[in-house]
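Listed below, chain by chain, are the residues.
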Amino acid sequence: NKEIIEVFNQLIQKGGVDITTGIVDKEIEFKNLTISFYNKENKIAIGILRNNNIILNPNFNERVTTEDKVIYIEKSKYTINI
C-alpha cells in the first residue's frame, strides 16, 4: 500500500530504526517469537510475511512457521554524525 509506505518513510528515517525481515528455525507462536526476538536480539516483531501477504500485528496465538518471514524493527546501524 503506497500510503502506508509514505507514512513509514516519514516516521522511520535513517538514524532511528529500520524495518526488515528474518526467518525462524522452528514453528512458534507469535507471542513467544516476539518475546524471544526482543530478549535475544533487541528486535521487535511487528508482523509476518506469509505467501506474499503482510500480516501486521497478528494475534499472539498465531503460529509462525519456517515458511514465513518475520517483519521486525531494529535500531538502525546507520549513524548520524553531528
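The structure this text deals with has already been given above.
Bear in mind the structure is a predicted one, so any value in this text is a computation, not a measurement. (Residues numbered from 1 in each chain as written. Predicted model: local features only at pLDDT ≥ 70, side-chain atom pairs only at ≥ 80, totals over all residues. Heavy atoms only, no water.)

(A) Molecular detail of the nonpolar core. Formed by Val 24, Ile 28, Phe 30, Leu 33, Phe 37, Ala 45, Ile 48, Val 64, Val 70 and Tyr 72, the largest nonpolar core amounts to ten residues. Listed by contribution, the elements that provide at least two residues to this core are α2 (30-41), β3 (44-50) and β6 (69-75). Ranked by residues supplied to this core, first place goes to α2 with three residues. In contact with Phe 30, other than residues within four places in its own chain, are Ala 45, Ile 46, Gly 47, Ile 48, Pro 58, Asn 59, Phe 60, Glu 62 and Val 64. (Core = buried A, V, L, I, M, F, W, Y, C linked by side-chain atoms within 4.5 Å. Buried < 20%, exposed > 50% of the residue type's maximum accessible area, 1.4 Å probe, protein only. Helix = DSSP H or I, 4+ residues; strand = E, 2+ residues; numbered from the N terminus. Contact = heavy atoms within 4.5 Å.)

(B) Structural view of the pattern of salt bridges. Throughout the structure, instances matching the rule amount to six salt bridges. Note that Glu 74 and Lys 43 form a salt bridge whose closest N and O atoms lie 4.0 Å from each other. With Glu 74 in strand β6 and Lys 43 in the loop between α2 and β3, the pair connects residues that are 31 residues apart, well separated along the chain. By relative accessible area, Lys 43 is classed as buried at 14%. (Salt bridge = Lys/Arg side-chain N within 4 Å of Asp/Glu carboxyl O.)

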